[in-house]
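# A look at the structure
The lines below spell out each chain.
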Amino acid sequence: MNPAEFERARFNMDKKEKRKKRKGAQQHDCGPGETDEKIVNEKQMSGEDTAGPKRKMTVSIAVAGSIIDNAQSLELATLLAGQIARAATVFRIDEVVVFDSNPSVDNGGDGEESGARFLVRILEYLETPQYLRRRLFPMHKNLKFVGLLPPLDAPHHVRKHEWSEFREGVTLDGDRSKGTLVDVGLSKNVLVEQILEPGKRVTVAMGTDRDILKVRKVVPPSSPKDEMELYWGYKVRYASNLSGVFSDSQYKEGYDYIIGTSEHGKIMSSSELNLPSLRHLLIAFGGLAGLEESIEEDRNLKGKGVNDIFTAYLNTCPSQGSRTIRTEEALLISLQYFQDPIRRAG
Ligand SMILES: C[S@@+](CC[C@H](N)C(=O)[O-])C[C@H]1O[C@@H](n2cnc3c(N)ncnc32)[C@H](O)[C@@H]1O
């Protein structure tokens with residue numbers, strides 16, 4: 001076997017191995033015992049960043065919430081939010097940060113909310129498995145048309161009759177002497193060993209043993225990705241302006257590479273873009289007037305330009321036929337453009 005053939009054979013074996021693992025996680029055959037992951041303190045369960053050797057690179061996107069303000073009806077605003085959610089899921093995005101431009105509009109009191117708050121609400125709703133939505137989302141007038149949207153169909157949206165090594169659940173009220181009951185969308189609730197307050201969304205390691213009475217564990221939400229390379233949905237964060245996207249990162253170390261996207265950005269082909277080895281990548285998308293305007297209107301970024309804020313400022317669609325590429329279109333174009341550089345860096 002020459003070296004090229006050897007590499008190809010090894011690559012195929014790796015692929016087979018990964019496929020087998022994924023199948024084991026999602027499907028229905030019972031293998032050897034449950035995951036022996038040592039769990040967890042409150043911080044880990046809450047999904048906060050818990051850096052460790054197993055953590056994989058994360059990809060976050062920041063999106064201007066003002067795109068919603070330009071939608072002409074609640075139906076169209078909902079559809080737009082649904083497109084952002086679909087794009088984030090299709091490209092396995094770990095975190096969506098929605099940044100506001102005029103937070104004073106947002107009073108929340110009579111149900112009026114800024115476009116950014118609206119987008120956060122719809123993104124969170126769609127990311128939540130259907131069986132948990134009634135418990136976690138009170139009725140709200142802005143959810144009126146969300147039922148019309150195509151589902152995300154992500155791996156953590158597990159159906160009732162399917163077995164999965166991990167399941168999202170919500171903690172229930174009741175006797176806590178032996179642990180906490182969790183609704184994981186099966187016909188019966190499961191018991192987890194941790195004592196947790198009711199109404200919390202958690203990730204439960206179900207393992208491969210289907211005995212419904214078995215006591216299970218709550219694990220960090222990153223476990224399905226870290227252990228089995230499963231895409232387990234995105235987190236959503238609201239930032240009151242662009243600078244808040246960077247300063248309030250959920251990751252202790254912050255983002256180590258920040259890309260801004262714009263028609264004014266540098267033109268280079270995707271194959272020329274070499275990202276360094278990264279922990280947390282962030283890709284930012286502006287609203288109607290672009291990221292440059294978001295910088296100008298942010299008091300915390302006074303006197304700064306795109307080169308002070310972004311590690312790279314890129315035009316991902318240089319030969320556009322329309323005068324403007326809309327943010328929801330730019331998301332799909334750009335995330336496809338970044339696929340290969342991310343894969344090479346990851
Ligand atoms: C309506 S455009 C804003 C147009 C603005 N003149 C600009 O800076 O690109 C909305 C967003 O789509 C993205 N976008 C538009 N055209 C792009 C391009 N050619 N390359 C990368 N991103 C683009 C950017 O994130 C931009 O902020």
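Note that the coordinates shown come from a computational prediction; the quantities given were computed from them, not determined experimentally.

This brings us to the packing of aromatic side chains. Counted by the stated rule, this structure contains six aromatic pairs. In textbook terms, an aromatic cluster arises when at least three aromatic residues are bridged by ring pairs, as seen for F246, F310 and Y313. Sitting over the ring of Y238, R117 keeps its end group 3.6 Å from the ring centre.

Residue pairs spaced three or four apart in an α-helix point in one direction, given the helix's 3.6 residues per turn. For helix α11 (residues 327-345), which comprises 19 residues, the first-to-last C-alpha distance of 25 Å matches the rise-based estimate of 27 Å (1.5 Å per residue) to within 8%. Q339 marks the point of greatest bend in α11, at about 35°, and the proline P341 comes within the next four residues. The secondary structure elements touched by the buried residues of α11 are β1 (58-64), α3 (66-69), α4 (74-90), β9 (257-267), β10 (280-285) and β11 (312-315).

This part takes up the environment of G115. With respect to the secondary-structure elements, G115 resides in helix α5 (residues 115-127). When near neighbours in sequence (up to four residues on either side) are disregarded, G115 contacts G65, I68 and D69.

Surveying the vicinity of the ligand reveals 18 residues, the closest of which are T261, S262, E263, N315 and T316. E263 is positioned with one of its side-chain polar atoms (N or O) 2.6 Å from a nitrogen atom of the ligand. Q320 has a polar side-chain atom sitting 3.1 Å from a nitrogen atom of the ligand. Burial of the ligand by the surrounding chains reaches 94%, relative to a free accessible area of 540 Å². In terms of residue count, the dominant contributor to the shell around the ligand is β9 (four residues). For the shell around the ligand, the class distribution of residues is seven nonpolar, 10 polar and one charged.

Of all seven residues in β1, seven are buried; the element is thus mostly enclosed. Residues T58, S60, A62 and A64 point to one face of β1 and V59, I61 and V63 to the other, with burial holding for every one of them. Examined bridge by bridge, β1 and β10 share six bridges and lie parallel to one another. Looking at the pairing, V63 lines up with F285 of β10. Relative to strand β2 (residues 95-99), β1 runs parallel, the two being bridged by five bridges. In the sheet register, A64 faces β2, and the bridge partner there is F99.

This paragraph deals with the sheet that holds β2. Spatially, six strands are ordered β8-β2-β1-β10-β9-β11 in an open sheet, and the strand pairing comes out parallel. Edge positions in the sheet fall to β8 (235-239) and β11, since each has one partner strand and no second. In this sheet, adjacent strand axes meet at a mean angle of 25° when their direction is disregarded. Contacts from α11 reach β1, β9, β10 and β11 within the one sheet, and its direction differs from that of β10 by about 150°.

Moving on: the sheet that holds strand β3 (residues 166-171). With antiparallel pairing, the five strands of this open sheet are ordered in space as β5-β4-β3-β6-β7. Edge strands, defined here as strands with exactly one partner in the open sheet, are β5 (190-192) and β7 (217-219). Going from strand to strand, the sheet's axes swing by 55° on average, the running direction of each strand aside. Two elements, β3 and strand β4 (residues 180-183), share two bridges in a ladder whose sense is antiparallel. Among the inter-strand pairings, T171 is bridged to a residue of β4, identified as V182.

What counts and what doesn't
Residues numbered from 1 in each chain as written. Predicted model: local features only at pLDDT ≥ 70, side-chain atom pairs only at ≥ 80, totals over all residues. Heavy atoms only, no water. Phe/Tyr/Trp six-rings, centres within 6.5 Å; stacked < 30°, edge-to-face > 60°. Lys NZ or Arg CZ within 6 Å of the ring centre and 35° of its normal. Helix = DSSP H or I, 4+ residues; strand = E, 2+ residues; numbered from the N terminus. Expected span 1.5 Å × (residues − 1). Bend = angle between axes of the 7 residues up to and from the residue. Contact = heavy atoms within 4.5 Å. Near = heavy atom within 4 Å. Polar contact = N/O pair within 3.5 Å; in protein donor to acceptor, adjacent residues only side chain to side chain. Areas by Shrake-Rupley, 256 points an atom, 1.4 Å probe, with all protein chains shown as cover. Nonpolar A, V, L, I, M, F, W, Y, C, P; charged D, E, K, R; others polar. Buried < 20%, exposed > 50% of the residue type's maximum accessible area, 1.4 Å probe, protein only. Pairing = 2+ DSSP bridges. Axes fitted to C-alpha atoms, helices over the stretch in contact; angles between N-to-C directions.

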